[in-house]
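If you want the building blocks of each chain, they are given just below.
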Amino acid sequence: MAEMFGGRAQRVWQDASLSAVVAGAVAVVVSFAGPLTIVVQAAHAGGLDEARLSSWIWAVAVGSGATGFVLSLRYRAPVVAAWSTPGAALLVTQLDTMPYATAIGAYLAAAALTVLVGVTGWFDALMRRIPAAVVSAVLAGILLRFGLDALRALQDSPAVAGVMLAGYVVCQRVAPRYAIAAPLAAAVAVAAVTGSLSLGGTRLSLATPVLTAPAWPGEALVSLALPLFLVTMSAQNAPGVGALREAGYAVPSGPLVRDTGVASAVFAPFGAHALNLGAITAAICAGPDAHEDRARRYVAGLSCGALYVAVGLFGTTVAGLFAALPPALISVAAGVALLGALGGSLSGAFNEASNRTAALVAFLTTASGLTLLGLGAAFWGLVFGMVCRVVLRQTNSTEERVRRE
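Cut-offs applied
- Residues numbered from 1 in each chain as written.
- Predicted model: local features only at pLDDT ≥ 70, side-chain atom pairs only at ≥ 80, totals over all residues.
- Heavy atoms only, no water.
- Helix = DSSP H or I, 4+ residues; strand = E, 2+ residues; numbered from the N terminus.
- Buried < 20%, exposed > 50% of the residue type's maximum accessible area, 1.4 Å probe, protein only.
- Contact = heavy atoms within 4.5 Å.
- Areas by Shrake-Rupley, 256 points an atom, 1.4 Å probe, with all protein chains shown as cover.
- Salt bridge = Lys/Arg side-chain N within 4 Å of Asp/Glu carboxyl O.
- Patch = residues over 30% accessible without salt bridge, like charges linked within 9 Å, V, L, I, M, F, W, Y side chains within 5 Å.
- 1 Å grid on protein atoms, 1.4 Å probe; cavity = no way out; pocket = protein on both sides within 12 Å on 5 of 7 lines; lining within 4 Å.
- Points joined across faces, edges and corners; volume = space filled by probe spheres on them.
- Nonpolar A, V, L, I, M, F, W, Y, C, P; charged D, E, K, R; others polar.
- Axes fitted to C-alpha atoms, helices over the stretch in contact; angles between N-to-C directions.
- Parallel < 35°, antiparallel > 145°, perpendicular 65-115°, else oblique.
- Left-handed = near helix turned anticlockwise from the far one by under 90°.

S.K.: Go over the overall build of the protein, please, and point to the residues and values.
M.R.: Across its full length, the protein carries 19 helices and 2 strands. Here the protein, with 405 residues, has 52% of them falling under the buried criterion. The long-range fraction of contacts in the protein, counting pairs at least 24 apart against all pairs at least 6 apart in sequence, stands at 83%. Roughly 17400 Å² of accessible area belongs to the protein as shown, and the carbon and sulfur atoms make up 65% of that amount.

Here is the structure:
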């Protein structure tokens, strides 16, 4: 056992690179700069005290980090686990209407459904029935706003955003492996010089997990557990698997979904609403900027996982550090890191003429931010794209049959 562990550690050390470690760090920054604010909003909506909020941050960070680290090491792929961002948005409107213990029960019910889908292979069956073009279009719709926000950041902070964008283009020409690391360091330095870093309110403190006994969800099975399961499957796990496969990794979706469901169940009593496969963060770690050699990009997943755990251990302290970064820097760093993934997704979505209309509908729906019946744009992007494909497929089949007759 010791020899096996030592050999694996040596292999990771040999495969490690600065670009992969930085890609993992960027993924963590992206995760905590935006999605964490939704968790805080949900906690405030539910009237949770600081101890439970700190426990929630601990649960999603440590749970995501440990899960992603183990899966990346097991599959030699940059598997990134994260918490459900649309699920957290759903909680903003739900936690104020139900006891917190009931919400914990709903989290466990959603986790059980996730495990069931992964174990039975239903997720694999679902993925086989959804055209790759539609999944790519949904992923592109998710990523589009990050590219747009990177350019809009020039309005708010032209110095910080300009250094990052210009540095990325220059480094792509002279040092592609450091096209994220070098511009990011330069942008942080500019932010420090211009006084847009605000570190005064941060304090060092470890998070203390708070265990909450779950209550039977009852009506919350329909109002919270089922929507939480659906948005996590459609908006996170499906694009997450799609991001990895689009980057060339033949990962088994069923076991990955199953394992995230198990992790969700383990950390739910401490506040984790749903753990899942990352889509945006996976695109950062699986992209060519992490490393030109696809076989060595799994180190970005390990880096991301380890940093997640570190964030969780220090809870709100590290979250405060991320919050101290100027919003423009976060926006442009995320957008630049996802340019390659966005281009690949757009290419995969519109490459086949037969699926182009369905992919366009899925892309526009997802990019619109549409919300209906409590379900987000990624879910409706999948639904509308699939409906469009089925209708057009039947129409084409009918026309072809008429021509033959």
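Having put the structure on the table, let's press on.
S.K.: I'd love a proper account of unusual backbone geometry, names of residues and values included.
M.R.: The backbone phi angle of Arg-76 is positive, close to 50°, even though this residue is not glycine. Tracing the sequence through the fold places Arg-76 in the loop between α4 (50-75) and β1 (81-83). For Arg-76, a relative accessible area of 25% translates into the label partly exposed.

S.K.: If you had to explain the pattern of salt bridges to someone new, which residues and values would you point to?
M.R.: Enumeration according to the criterion identifies 5 salt bridges in this entry. Ionic pairing is found between Arg-11 and Asp-15, a salt bridge with its closest N-O pair at 2.8 Å. Of this pair, Arg-11 and Asp-15 both sit in helix α1 (residues 2-15), 4 residues apart, which is roughly one turn of the helix. Classification of Arg-11 as partly exposed rests on a relative accessible area of 39%. Relative accessible area serves as the criterion here: at 10%, Asp-15 is assigned to the buried category. Residue Asp-259 is joined to Arg-258 by a salt bridge in which the shortest nitrogen-to-oxygen separation is 2.9 Å.

S.K.: Describe a nonpolar patch on the surface, listing the residues and the values that go with them.
M.R.: Residues Leu-113, Leu-116, Trp-122 and Leu-226 make up a contiguous nonpolar surface patch of about 370 Å² in total accessible area. Relative to the helices and strands, Leu-116 resides in helix α6 (residues 100-120). Leu-116 sits in the partly exposed class, given a relative accessible area of 39%.

S.K.: So what's going on with empty space enclosed by the protein? Residues and values would help.
M.R.: This structure, assessed with the given rule, holds 3 cavities of 30 Å³ or more. Taken as a whole, the largest cavity spans an internal volume of roughly 60 Å³. Looking at the largest cavity, the residues that line it are Tyr-107, Ala-110, Ala-111, Thr-114, Leu-228, Phe-229, Thr-232, Ser-264, His-273, Ala-274 and Leu-275. Looking at the lining of the largest cavity, the elements that each hand over two or more residues are α6 and α11 (220-246). Here the lining of the largest cavity gets 4 residues from one element, more than from any other, and that element is α6. Looking at the lining of the largest cavity residue by residue, the class counts come to 7 nonpolar, 4 polar and no charged.

S.K.: I'd love a proper account of the packing of α6 against helix α12 (residues 253-267), names of residues and values included.
M.R.: Interhelical geometry of α6 versus α12 gives an angle of 160° and a closest axis separation of 7 Å. When the axes of α6 and α12 are compared, the pair comes out roughly antiparallel. Considering the relative orientation of α6 and α12, their crossing is left-handed. Of the residues in α12, those in contact with Leu-108, Ala-111, Thr-114, Val-115, Gly-118 and Val-119 of α6 are Gly-254, Val-257, Arg-258, Thr-260, Gly-261, Val-262, Ser-264 and Ala-265.

The values reported here are purely geometric and, on their own, carry no functional implication.
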